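Descriptive structure summary
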2 protein chains.
Amino acid sequence: MVVAANRVERTEARGTIDTILAVTERDMARVNELILSMAGSRVELIPEIANHLISSGGKRLRPMLTIASALAHGYGEGDAQVKLAASVEFMHTATLLHDDVVDESDLRRGKSTARTIWGNQASVLVGDYLLGQAFKMMVDVGSLTALSILSDASAIIAEGEVWQLAAAKRMTTSEADYLAVVDAKTAALFAAAAEVGPVIAGKGEAERAAMRSYGRSLGISFQLIDDVLDYGGIAADLGKNTGDDFREGKITLPVILAYQAGDEEEKAFWRAAMEEGENGDEALARARSLIERHATLEATIERARDYGAQAFEAASSLPASPARDALLDVVEFCISRIR
Amino acid sequence: MVVAANRVERTEARGTIDTILAVTERDMARVNELILSMAGSRVELIPEIANHLISSGGKRLRPMLTIASALAHGYGEGDAQVKLAASVEFMHTATLLHDDVVDESDLRRGKSTARTIWGNQASVLVGDYLLGQAFKMMVDVGSLTALSILSDASAIIAEGEVWQLAAAKRMTTSEADYLAVVDAKTAALFAAAAEVGPVIAGKGEAERAAMRSYGRSLGISFQLIDDVLDYGGIAADLGKNTGDDFREGKITLPVILAYQAGDEEEKAFWRAAMEEGENGDEALARARSLIERHATLEATIERARDYGAQAFEAASSLPASPARDALLDVVEFCISRIR
């Protein structure tokens, strides 16, 4: 297996976010400054809401990918990587603001969502503002290729969200359908975040394709592990209550696999829970026991590992450097969130 | 007065949209095709919602400004004007989708809003998708200057919306505050739509500044006339119920001026109506009579005419051409919507 083979070559720590934190530390300080400055506005409500999310303890994985990918391709001077990383984080933040409105979520990372504090209206509009600011930063970098990658991602993410909205409550959603939604909603931004690295370093299509593949596979792996954590993690670890996806009627891979493996009576239970909203505590307990019976968390983790191996392989072609090791370690880190 | 002086030089029809319709007809056919194609998606809900708005009888004034401005500066070949015009219309459509969610509006141009048919969630997400598609088209044009103008406008529009949300329900809003909101929410896109014309024609800062000024003044004039129509127009004309602004608690210039001219008892009425939501039919009748007593529709029209004169003057510096005449006639058209 490729992952195992590559592992042997390395002596760095595995399954840790520390490598990428160390490699990107200097640039991330600049990214954080830029984020604070671009979230500013004479309209006070904007920084208030933006900072609520920005300072809420997210890992800033996506902008770190941009920085590490740029470094791994030899781009270290200038500020293009800083501006693009901040753009990526703003695109992500705007998506979260709109997502919470669409999902009617009350909690994110253990904190009240912006919409419960300031309302849906402000969340929609501040999301729009951050998206506009993201594009301003990208334009400032002056790379039409980077702009093209990120604007494509922006449309793909929204398209994925609409698709999920239309298909979300149907238990007939297939594994392939679900993976296509994850590909659009989550993996597209990971892929774009990583792909702009070689672009600003002046590299060609081969390097771009490798980073696109790396980011995409990592994003899918990351989301699948999130899905697992929602049924099995510990609330304090994730800053998220477990069972949230179930209670919000979000059909994720562990549920799809349990439905497909279930008998008629179990299928009827899932339809009632996800399509009709019979998703109280008792139903959640039943859901957990069915997921356990059919071992679908394990099956989901297995798929996450497969995508992780693809991500690992894609980044393994990079010349050896601390930044390459950081990109490799992040793959293991995402999966090792499962204990 | 400048308007009068310039009028003498021309023999074309005035106060009509026909001139710009004729001048832009060929390119607008391409814009409409592009709009339909870019509103498409394998996710059926997207074209369904987008076409509901796109085909709802809007005048497409903004994209026509882009086309006419490009033509007036000698850009006639190529497709940059078509792509930018479609981008401008998508930015506008995305704003309308989000606005209706924020304002909880049920009608637009006499038709049910997307949010009443498909829900707030889909309206937010399809707006995001159209914004992403707008940026893709801009990137496709390849002009970083045009991208900069339009992404700035995107952030300014959202900022204006948040400001309005924060300040909207306060009767202490001054005329200057209100004009600043109109400048951001409406005029910024008119200004950007006009300014990209000289940009793709390869003209310099003087031409850009003139078109920016033209678009901005026209946009403010346009919005002030809309404000007047909401208290005085005929429902069928505007495709909008008169009194909507009042019932939604939107503080517009006729109201601000009536409040400022009113005695203590009248001020108390306006506060109760706009801040506390006492805005039923009886209150609307009272509002109309106060607006009439203080002649604030006339005062608002006067300001609209002043901005119109500024727009007229800015476009008058263009070399004589059918496209210039179209830009000039649109100014009169916007104001002459008042009968």
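Residues numbered from 1 in each chain as written. Chains lettered and ligands numbered in written order. Predicted model: local features only at pLDDT ≥ 70, side-chain atom pairs only at ≥ 80, totals over all residues. Heavy atoms only, no water.

A few words on the overall build of chain A. Looking only at helices and strands, one finds 16 helices and two strands in chain A. Here the C-alpha radius of gyration of chain A, 20 Å, is about what a compact globule of 339 residues would show, namely 20 Å. In terms of overall dimensions, chain A has a C-alpha envelope of 60 × 55 × 30 Å along the principal axes. Within chain A, the proportion of its 339 residues that are buried is 61%. Taking all contacts inside chain A whose residues are at least 6 apart in sequence as the whole, residues at least 24 apart take part in 75%. (Helix = DSSP H or I, 4+ residues; strand = E, 2+ residues; numbered from the N terminus. Rg over C-alpha atoms; globule rule 2.2 N^0.38 Å. Buried < 20%, exposed > 50% of the residue type's maximum accessible area, 1.4 Å probe, protein only. Contact = heavy atoms within 4.5 Å.)

As a further point, take the relation of the copies chain B and chain A. Overlaying chain B on chain A yields an RMSD of 0.0 Å, the required transformation being a rotation through 180° with an accompanying axial translation of 0.0 Å. Expressed as a symmetry operation, the mapping of one chain copy onto the other fits a two-fold axis. Taken as a fraction of all interface residues of chain B, those also at the interface in chain A reach 100%, which identifies the copy contact as same-surface. (Least-squares fit on C-alpha atoms with pLDDT ≥ 70 in both.)

This part covers the interface of chain B and chain A. Chain B puts 36 residues into the contact, and the matching count from chain A is 36 residues. Ranking the residues of chain B by area buried against chain A places B:L125, B:E159 and B:V162 at the top, with a combined share of 18%. In this structure, B:D152 and A:K136 form a salt bridge, with 3.9 Å as the shortest nitrogen-oxygen distance. At the junction of chain B with chain A, the criterion picks out six residue pairs in polar contact (both at pLDDT 80 or more). At the level of elements, α3 (45-54), α5 (80-103), α7 (120-141) and α8 (144-167) of chain B are the ones that each hand at least two residues to the side of chain B that touches chain A. Looking at the side of chain B that touches chain A element by element, the count peaks at 14 residues for α8(B). Each residue belonging to the side of chain B that touches chain A can be placed in one class, and the counts come to 20 nonpolar, nine polar and seven charged. (Buried area = accessible area lost by both parts, 1.4 Å probe. Salt bridge = Lys/Arg side-chain N within 4 Å of Asp/Glu carboxyl O. Polar contact = N/O pair within 3.5 Å; in protein donor to acceptor, adjacent residues only side chain to side chain. Nonpolar A, V, L, I, M, F, W, Y, C, P; charged D, E, K, R; others polar.)

What tends to happen in soluble globular proteins is that the nonpolar side chains get buried as a cluster. Within the largest apolar cluster, 163 residues are counted, with the highest numbers of intra-cluster contacts made by A:Y214 and B:Y214. With near-sequence residues (within four places) excluded, A:Y214 lies in contact with A:L65, A:A194, A:A311, A:A314, A:A315, A:L327, A:V330 and A:V331. (Core = buried A, V, L, I, M, F, W, Y, C linked by side-chain atoms within 4.5 Å.)

Right, let's get into helix α13 (residues 264-276) of chain A. All names here are of chain A. The end-to-end C-alpha separation of α13 is 17 Å, in line with the 18 Å expected for 13 residues at 1.5 Å each. Those residues of α13 that fall on the buried side of the exposure criterion are E266, K267, F269, W270, A272, A273 and M274. Contacts made by the buried residues of α13 are with α11 (244-247), α12 (253-261) and α14 (281-293). Where α13 begins, the side chain of D263 points an oxygen toward the backbone nitrogen of E265, at a separation of 3.2 Å. Positioned one or two residues after α13, G277 has a phi angle of 80°, which is positive. (Expected span 1.5 Å × (residues − 1).)

On to the side chain of B:T16, then. Residues and elements named next belong to chain B. Note on placement: T16 falls in the loop between α1 (2-9) and α2 (18-38). Exposure remark for T16: the relative accessible area of 14% places this residue in the buried category. In this structure the side chain of T16 is engaged in a polar contact, spanning 2.9 Å, whose partner is the backbone nitrogen of D18. Those residues within four positions of T16 in sequence are excluded, and the remaining contacts are D329, V330 and F333.

We now examine the packing of helix α5 (residues 80-103) of chain A against helix α7 (residues 144-167) of chain A. All names here are of chain A. For the pair α5 and α7, the least separation of the axes is 12 Å and the interaxial angle reads 15°. Viewed along their axes, α5 and α7 adopt a mutual orientation that is roughly parallel. Between α5 and α7 lies a crossing whose hand is right-handed. Where α5 abuts α7, its residues L84, V88, M91, T95, D99 and V102 lie against A146, L150, A153, S154, I157, E161 and L165. Considered class by class, the residues forming the contact of α5 with α7 number nine nonpolar, two polar and two charged. (Axes fitted to C-alpha atoms, helices over the stretch in contact; angles between N-to-C directions. Parallel < 35°, antiparallel > 145°, perpendicular 65-115°, else oblique. Left-handed = near helix turned anticlockwise from the far one by under 90°.)

This part takes up the packing of α2(B) against helix α17 (residues 322-336) of chain B. All names here are of chain B. Where α2 meets α17, the axes come as close as 7 Å, and the angle between the chain directions of the two elements is 145°. For α2 against α17, the interelement crossing comes out left-handed. Seen from α2, the contacting residues are T19, I20 and V23; seen from α17, they are P322, A323, D325, A326, D329 and V330. Partitioned by chemical class, the residues of the contact of α2 with α17 number six nonpolar, one polar and two charged.

Where the residue is not glycine, phi is negative for most of them; where a peptide bond is considered, it is trans in most cases. We note that A:A295 has phi near 50°; this positive angle belongs to a residue other than glycine. Secondary-structure assignment places A:A295 in the loop between α14 and α15 (296-316). One non-glycine residue, B:R60, adopts positive backbone phi at about 55°.

Taken as a whole and judged by the stated rule, the model has seven aromatic pairs over all chains. Each ring, one from A:F246 and one from A:W270, has its centre 6.4 Å from the other, and the planes form 75°; the classification is edge-to-face. In this pair, A:F246 sits in helix α11 while A:W270 sits in helix α13, placing the two residues 24 residues apart along the sequence. Relative accessible area serves as the criterion here: at 0%, A:F246 is assigned to the buried category. The ring centre of B:F269 lies 5.0 Å from the NZ or CZ of B:R286, which sits over that ring. Here B:R337 stacks its cationic end above the ring of B:F222, 4.3 Å away from the centre of that ring. (Phe/Tyr/Trp six-rings, centres within 6.5 Å; stacked < 30°, edge-to-face > 60°. Lys NZ or Arg CZ within 6 Å of the ring centre and 35° of its normal.)

Residues and elements named next belong to chain A. Within the structure shown, the criterion is met by 38 salt bridges over all chains. Across the pair E265 and R286 runs a salt bridge whose closest N-O atoms are separated by 3.0 Å. Placement of E265 in helix α13 and of R286 in helix α14 is noted, with a sequence separation of 21 residues between them. Residue E265 is classed as partly exposed on the basis of its relative accessible area of 47%. A cluster of three or more residues bridged by salt bridges with shared partners is formed by E195, E205, R208 and R212.

All names here are of chain B. Mapped onto the elements of the fold, E25 is located in helix α2. With relative accessibility at 57%, the residue E25 sits in the exposed group. Sequence spacing of E25 and I67 is 42 residues, and the spatial spacing of their C-alpha atoms is 9.5 Å.

Moving on, we get to the environment of B:E195. All names here are of chain B. With respect to the helices and strands, E195 occurs in helix α9 (residues 175-200). It is 5.0 Å that separates the C-alpha atoms of E195 and M211, two residues lying 16 residues apart in sequence. In this structure, E195 is in contact with I149, R208, M211 and R212, ignoring residues within four places of it in sequence. Within the structure, the side chain of E195 is placed 2.9 Å from the side chain of R208, a separation counted as a polar contact.

Now for helix α4 (residues 61-72) of chain B. Residues and elements named next belong to chain B. The end-to-end C-alpha distance of α4, which contains twelve residues, comes to 16 Å, matching closely the 16 Å that a straight helix rising 1.5 Å per residue would cover. L61, R62, P63, M64, L65, T66, I67, A68, S69, A70 and A72 are the residues of α4 that are buried. Of the surrounding secondary structure, the elements contacted by the buried residues of α4 are α2, α5, α9, α10 (205-232) and α17. Positive phi shows up at G74, right after α4, with a value of about 90°.

In this fold, B:L84 is placed in helix α5. Dropping the residues within four chain positions of it, B:L84 is found in contact with B:T66, B:M138, B:V141, B:A146, B:L150, B:V196 and B:I200.

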